[in-house]
Structures are given as structure tokens and as C-alpha cells.
Amino acid sequence: MSIAIEKILAAAPATTRGQPTQLSCDPKGERIAYASGKSIFLRSIDDPSLCKQYTGHTTTTTVAKFSPSGFWVASGDVSGKVRVWDAVEAVNTKGEYAIISGRINDVAWDGDSQRVIAVGDGRERFGHCFTADSGNSVGEVSGHSKVVNAVAIRQQRPLRAATVSDDSTMCFLHGAPFKFANKAAGLHKGFVMGAAFSPDGSALATVGADRRIQLYDGKTGEPTKQVGEGVHTGSIFAVSWAKDSKRFVTASADQTVRVWDAESGECVQTWRVGEEGSVNVADQQVGVVWPHGRSDGLIISLSLSGDLNYLVEGNDKPTKAVQGHNKSVTALGVASEGKGKILTTGSFDGRVSSWDVSTGTGTAVDGQAHSNQVTQLASAGGQTYSVGWDDTLRTIQESTNNFVGTPTKLPSQPKGIATTTSAGGRTIVALNDSIAVYADSQLQTQLPTDFTPSAIAANGSTVAVGASNNNTVQIYTLSGSNTLTPSHTLSTSTTPISALSFSPDGAHLAAGNAAGKIVVYKTTGTTTNWEVATDRWSAHTARVLSLAWNAAGTHAASGALDTHVHVWSLAKPGSRVKAANAHKDGVYGVAWVEEGGDGAKIASTGGDAAVKIWGVKGLQ
């Protein structure tokens, strides 16, 4: 057996309210780079399912910028480190440099792709200038008294750089080596959020929380004029120039993206993101980039919700929105059509998305979503059911991809959910102190337990529940009148049960525990029921978080907190394949998708907020 990555369906950019999020495009206008979680994603603009993920950072990443040559990326994180790495494969790191003692807010390259300036929030300095290949100092960032939000470097000689800060000023640097030349104070009246030099180096634009757009001479740093006074009605977070240096685009908290003519100062096009007439915080525009090297006039803006909006001049509405998760994906389910073509994912912030496996496109489920972490998803009969830490059970209509009906309030916090087709279809929820049976979102019966349930699975009339305080699996039988009757206790595990899964034919039950060990039971034995089929599936080194069987019931996949995905064989328990370091911070969900022939695909999700599709070959 072998396992290899086929697709990375990238996480959405991480955003923070009231702060700009930096986006960057390569010189050809083919790929976009951004930070999310502890990773940097390099994503194709035309086909967002083509993606490279760089996982070299050990803490939360904040910014990534392509070099003007397109061969390198410089990325920063919250610990003040900048890493320079190759943009082709996103594997080889050229160097890691400790710049400041706090968060890196922005980085910028010079026109030769040799020097980098990184700025942010430090204690003894707010930024530094260094060479990309060796980290040697090529100047200093000085003149600011508060955190620096953005930096821009003129791409022509003589080299100039501009830094903008929470102290309401813009500092102009001459280089190289870069040193303080002059300061523009008294123009902006609040935090200055963004700065950008025009591609021809003739002008510099700064934008800020005071809704002001200020232009300067690109060579001297002298202020020239203010543009668009009173047009934006919210903080302006980002600015980006067109290739012709005649126009630039701004993104604002008033949910609009505007294109400006630099010469006349007129706003020539406006897009408003979100529903007409309604104010929605999630639609605030916190980042924008105007990719050079394209002929279609595309602009990409970023909403606070993490959605990337594709805007084209001449169209009033965004032509496309690329959606995904920007918090850990805590739940993964496969739609009930049984072919594994549609995936549903739920994340730490309550967002639920649906994914088309073949095209790799993700769409947020419409309607009132969970307000807190999604615990688990289960599907049956054209509907997907979700439970979350907001103590609700919600129903998603798969055909229309929206939440239907009103959320069902649960008696206590849910630990898991399972569906069964017996008795006309039932949804069984494991709660903090009981097991509840629902039909059509209505509570039928509730069985109190003397243990705390930790996991649940169901097949036909058999329900398996993991007991966290006595390390057992409790087996129940569900009757036609919705009553649960205890039938067996499985006490093989030495640590609490953390994941349960029945094979599709109901012949086997896999139970994973907090130590990383998986035991498989035969549901019907020759002499006695619930014999151990194998206890050799023990390669994980941390809590097993999810289990999934293939359609034939011959192989299972597991994901654990140790960040690995394993594929196991029932016939040959010793032969397994491993996808190492599949997701930073743990694998929370696995599922089999698009099975056929000797090959199959496995989907996995985890702490890096990405969905990954793996190709498995040679199942034995």
C-alpha cells in the first residue's frame, strides 16, 4: 500500500478585526500567498484547488510576500522570525532570521529580490533591513514610537522605503543601506494601516483608520495631495497599485473596495461586498491585491470572514468568492449520497462548509450557523446533522446546501453524533451525562448514564458509546420504540475511548483510545459476539481523534493528535501506510472519498484548517 498527497484544499486567510491582512501575488499574476494558522499557502488564482503549503514556521504566521523575481517567499510570524523559502515547491528554506521580539506585521522586498525589510511590534526596535540570503544587516528602521503596520520599498534606484505606524506617521527611508531620511507627521489623524509605492516608483500612497488616502512623491517622500476625502465611511486597511501606476485600489471596513485614478483623485469603480443595505461585520474588507501580469484586470480583496472576493473592472458584483475555514477544522463528514463526492466540514468558530471533491471548491453552508465549535457531523437520507458547543443540533439540506428548520436545543454539551436507518431513521447524540435519541429533530427518548460519554457510533439497531471514566465501550440496542437497552460492555482499552466507527456492513467496530491504540471487534462471532478481530493497530503516539472505514469494510483510516494519518488493513494488521505530519496541530477528521479499482482517496482535516485529499494505492 502507498499513500500520497493529491490535493490541498487550502485554509482561508487568517483575519483579525481592526487589523489589515497582507496578501501578495507573484509577478506573473498566477498565484496568491497568504498566512493562515502556522502555515503559509501559495494558491493558484485561476484554480484555487491547486495549492502548496509551507509548514516551516513553529508559531502562528502573519504575512507572506513573493519576491519580485517570483522564486522566493519571505514570511513572518508572531514570534518575530522571518523565513525565506523557495516559491516553487514551498519546501526548501533559505534562511530563518530573528528580527524583532514581537509580531511581524509586514515584509517587503527590494526590486533586486535581495534585500528584505520586516516590520512589526518589537521592544527595542520596530523593524529591520536585511539580506534575504544571509540575514546580514542592510540598514535600520527608526523614527516610529509605536508598532509599525506596513512597509513598502520602491522597486527602482535610488532605493526608497516607507514605513507606517500606529503613531499616525509615515517614515521615509533612503537606501541602501536604509536609514531614516524624513517623516510625514500631522497628515493622518489615526493609525496608518497600509502603504504602497506605484510600480514606476513615482508615487507613494498611504491609507489609515482615519479614512484618509494620502499621496506622496516617490523619490523625496514629500506629501503631494489627499484623495477621496469623505468617500470611504470606515477605516481603510489596504492599498494596492495597478501595473500602469495610474490607478490604485483601497479596501475598507465599510464593506467596499474602490479603484481610484491617481492623477485626478476620482473614484472610478466601487464594489460593495455583502447584501445590499445590510451591515455585516464579516464583510468588512481587510486586504486587497491587484495582481500584475494579468490582462483581465482582476482585483482580489479579502473579507473579515476569510472569503477571497474576485473583482473585475466593469462588473458591479464579485465574479467569484473563494471560501474556506480559517480556524481549526474540528469535524468532517461525507454527504449521504454514498459516493464520497461531497464533504462537509465544521470548524472551531462554528462555520460549516461543503466541498466538491472533484473540483476542490468549498462553499459555506447558508443560514444560521453554529456560534461555537462544531463537535461532529453525521449524514443520512439527504441531510447532514451537526452538533456543536453552542449545545444545538442543526440540520443541513444537502441538495440546497443550507441549514433548514430551527436549531434543536440540546439538554447539555454534545460529545458526538451518529445516525442510523433503523426505525425509519434516527439521530443519536451523546451528551455530557446521557444519550438522546432524536427523530426529525424532535427528542424521543433520553437515557441517563453513570459515565461521561466520549464517542458514539451506530449501525442498524446497534449503538456503541465510549465511556471516558472507565475506559470501556458500552453497547446498546435501539428498539423500534426508541428505547436504548444495554447489551454488552467491551473493556479491552486501558485509556479512555476517543473515537468509534462501525464498518459499513456492520461486521466490525473500531475503537480508538487516548493512547493512540485502535482495537477492532467482530460484532457477530462464531462462539461469542464482540470478539477482538485485531488489537495490532497501534502506531499512533497520541489520542485517536477520528476513524473511518472504506465501503468494503476491509480497510480503515485513522487520524490522531500526533498529526499523522494511518491506513490499516484488517486482513494484514501489521501492514499499514502513514501520511506523516498530515496536519499541523493534529488530524481531527478522516473520510474515504471516490473509491474505485485498487485505488481510493482519503480526505483529512485538522488544526491547519485545510482539507487534504490523499491517494491510496495497492490496498491489500
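As the structure is a prediction and not an experimental result, all values here were calculated from the model.

Asks: What is the right way to read the UniProt feature "repeat: WD" (unreviewed entry) in the protein from this model?
Replies: Residues annotated by UniProt as "repeat: WD" (unreviewed entry) correspond here to residues 54-86, 185-226, 229-270, 322-365, 537-570 and 580-620. Note that residues 185-226 is 0% helix and 50% strand, and that its end C-alpha atoms are spaced 14 Å apart. For residues 229-270, helix accounts for 0% and strand for 52%, while the C-alpha atoms at its two ends are 15 Å apart.

Asks: Would you mind going over the side chain of Ser546 with me for this structure?
Replies: Structurally, Ser546 is set in strand β50 (residues 544-549). Under the relative-accessibility criterion, Ser546 is labelled buried at 10%. Within the local environment of Ser546, its side chain forms a polar contact with the backbone nitrogen of Val590, the two atoms lying 3.0 Å apart. Those residues in contact with Ser546 that sit more than four places away from it in its chain are Ala499, Ala557, Ser558, Gly559, Tyr588, Gly589 and Val590.

Asks: Please clarify how the pattern of salt bridges should be interpreted in this entry.
Replies: Should their charged atoms come close, side chains of opposite charge can pair. Scanning the entire structure with this criterion turns up 16 salt bridges. A salt bridge links Asp390 to Arg394; the nearest nitrogen and oxygen atoms lie 3.2 Å apart. There is no split in this pair, since Asp390 and Arg394 are both buried. Several salt bridges share partner residues, and in doing so they unite Asp110, Asp112, Arg115 and Arg157 into one network.

Asks: Looking at this structure, I do not really get the packing of aromatic side chains. What am I missing?
Replies: Two descriptors summarise a pair of aromatic rings, namely the distance from one centre to the other and the angle between the planes of the rings. Counted under the stated rule, the structure contains seven aromatic pairs. With 5.9 Å between their ring centres and 50° between their planes, Trp537 and Trp549 make a pair best called tilted. Here the residue Trp537 occupies a position in strand β49 (residues 531-537), and Trp549 occupies one in strand β50, the gap between them amounting to 12 residues. Comparing Trp537 with Trp549, the two get one shared label, buried. Among the aromatic residues, those joined into a ring-pair cluster are Trp537, Trp549 and Trp568. The side chain of Lys94 reaches across the aromatic face of Trp72, ending 4.0 Å from its centre.

Asks: Mind showing me how you'd approach the pairing of strand β39 (residues 426-431) here?
Replies: Along any regular strand the residues' side chains alternate between the sheet's two faces. Of all the six residues making up β39, six are buried; the element is thus mostly covered by neighbouring parts of the structure. Neither face of β39 is exposed, since Arg426, Ile428 and Ala430 on one face and Thr427, Val429 and Leu431 on the opposite face are all buried. As defined by bridge partners, strand β38 (residues 414-420) adjoins β39 across six bridges and the pair is classed as antiparallel. The residue bridging Ala418 from the neighbouring strand is Ile428, located in β39. Two successive antiparallel strands, β39 and strand β40 (residues 434-439), enclose a turn made up of two residues.

Asks: When you look at the sheet that holds strand β32 (residues 352-356) in this model, what are you seeing that I'm missing?
Replies: To summarise the sheet geometry, strands pair through backbone hydrogen bonds and adopt either a parallel or an antiparallel arrangement. A sheet is described by the order of its strands in space; here four strands give the open sequence β30-β31-β32-β33, paired in antiparallel fashion. Each end of this open sheet is capped by a strand with a single partner; those strands are β30 (329-334) and β33 (361-364). Going across the sheet, the axis of each strand differs from the next one's by a mean of 25°, ignoring polarity. As paired elements, strand β31 (residues 342-347) and β32 share five bridges and run antiparallel to each other. Across the sheet, the residue bridging to Thr345 is Ser353, located in β32.

What counts, and at which threshold
Residues numbered from 1 in each chain as written. Predicted model: local features only at pLDDT ≥ 70, side-chain atom pairs only at ≥ 80, totals over all residues. Heavy atoms only, no water. UniProt positions renumbered as here; feature names shortened; annotations may be inferred. Helix = DSSP H or I, 4+ residues; strand = E, 2+ residues; numbered from the N terminus. Buried < 20%, exposed > 50% of the residue type's maximum accessible area, 1.4 Å probe, protein only. Polar contact = N/O pair within 3.5 Å; in protein donor to acceptor, adjacent residues only side chain to side chain. Contact = heavy atoms within 4.5 Å. Salt bridge = Lys/Arg side-chain N within 4 Å of Asp/Glu carboxyl O. Phe/Tyr/Trp six-rings, centres within 6.5 Å; stacked < 30°, edge-to-face > 60°. Lys NZ or Arg CZ within 6 Å of the ring centre and 35° of its normal. Pairing = 2+ DSSP bridges. Axes fitted to C-alpha atoms, helices over the stretch in contact; angles between N-to-C directions.

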